[in-house]
Amino acid sequence: MSCILRVWGHFDVAAFLAGTNLTPHHVWREGEPEPSPSGSRITRDSGLLLAASPADFCQPEQQIEDVIAFLQTHHASLLTLNELLTATDPEWDHTYAELDFGIEDRVGTLNEWGREIAHQGDRFPPILIRLAGQLGLGLTVSRYPRTPPEDGEA
């Protein structure tokens, strides 16, 4: 999955999720051991990760479309989440919610006109910025190295 909604802070994750139809792929709770080889650290906050778009790293436009639909579909639940986070931590100290768009690095590849891409710029449309802002969500772009095509693929 390429766009992840990542949330962490001081809130009751289970209580929040019980009132939604959101299905996270990872949840952690304050005070529980962190999943680590040593298992000796205790988590200092609670949080969740869930897919906001399943589109590939090479499909940033599709990720944006998917995320807009996701935010519109789950607007009420995400508004409740924002209220929970700010109620327990009005200064947002150690609390955060962000949409992390994972995209492939296109620098050095050829564009649709056969020219090498010298710099990469990705933009978010105003509707996405507006929806994210209403819900207290930050926007992050994580760039990943391009995976070369397998032999025989175009």
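Residues numbered from 1 in each chain as written. Predicted model: local features only at pLDDT ≥ 70, side-chain atom pairs only at ≥ 80, totals over all residues. Heavy atoms only, no water.

> Lay out the nonpolar core in plain terms, naming residues and giving numbers.
Residues L71 and L99 are the most contacted members of the largest nonpolar core, which totals 27 residues. For this core, the elements supplying multiple residues, two or more each, are β1 (3–9), α1 (13–18), β3 (46–53), α2 (60–73), α3 (75–88), β4 (96–104) and α4 (126–134). Ranked by residues supplied to this core, first place goes to α2 with five residues. Setting aside residues up to four positions removed in sequence, L71 forms contacts with L78, L99, L128, L131, A132, L135 and L137. (Core = buried A, V, L, I, M, F, W, Y, C linked by side-chain atoms within 4.5 Å. Buried < 20%, exposed > 50% of the residue type's maximum accessible area, 1.4 Å probe, protein only. Helix = DSSP H or I, 4+ residues; strand = E, 2+ residues; numbered from the N terminus. Contact = heavy atoms within 4.5 Å.)

> Describe α4, naming the residues involved and giving the relevant values.
All of the buried residues along α4 are L128, L131 and A132. Seen end-on, α4 carries its buried residues on one side only, within an arc spanning 100 degrees. Those residues of α4 that are exposed and angled more than 90 degrees off the buried face are P126 and G133. (Arc of directions from axis to C-beta.)

> I'd like to hear about the sheet that holds β4, residue by residue, with values.
Within a sheet, neighbouring strands are paired by backbone hydrogen bonds and run either parallel or antiparallel to one another. Strand order in this open sheet of five strands is β2-β3-β1-β4-β5, and the pairing throughout is mixed. The open sheet is flanked by β2 (26–28) and β5 (138–144), the only strands paired with a single partner. Each strand of the sheet is rotated relative to its neighbour by a mean of 20 degrees, with strand direction disregarded. Across the face of the sheet, α2 comes into contact with β1, β3 and β4 while running at roughly 120 degrees to β3. (Pairing = 2+ DSSP bridges. Axes fitted to C-alpha atoms, helices over the stretch in contact; angles between N-to-C directions.)

> I'd like to hear about the environment of R146, residue by residue, with values.
Along the chain, R146 falls in the segment after β5. Taking the C-alpha atoms as reference points, R146 and I103, separated by 43 residues in sequence, lie 8.8 Å from one another. Contacts of R146, omitting those with residues within four sequence positions, involve E104, D105 and T109.

> Describe in detail the packing of aromatic side chains, supporting the description with residues and values.
Each aromatic ring pair is described using two quantities: the centre-to-centre distance and the angle formed by the ring planes. Counted by the stated rule, this structure contains three aromatic pairs. An angle of 45 degrees between the planes, with centres 5.6 Å apart, marks the rings of W8 and Y96 as tilted. A residue pair is termed long-range when its members are at least 10 positions apart, and W8 in strand β1 and Y96 in strand β4 qualify at 88 residues. According to the relative accessible area criterion, Y96 is partly exposed, its value standing at 32%. Arranged with centres 4.9 Å apart and planes meeting at 45 degrees, the rings of F101 and F124 form a pair that is tilted. Of the two residues, F101 is situated in strand β4 and F124 in the loop between β4 and α4; the sequence distance between them amounts to 23 residues. (Phe/Tyr/Trp six-rings, centres within 6.5 Å; stacked < 30°, edge-to-face > 60°.)

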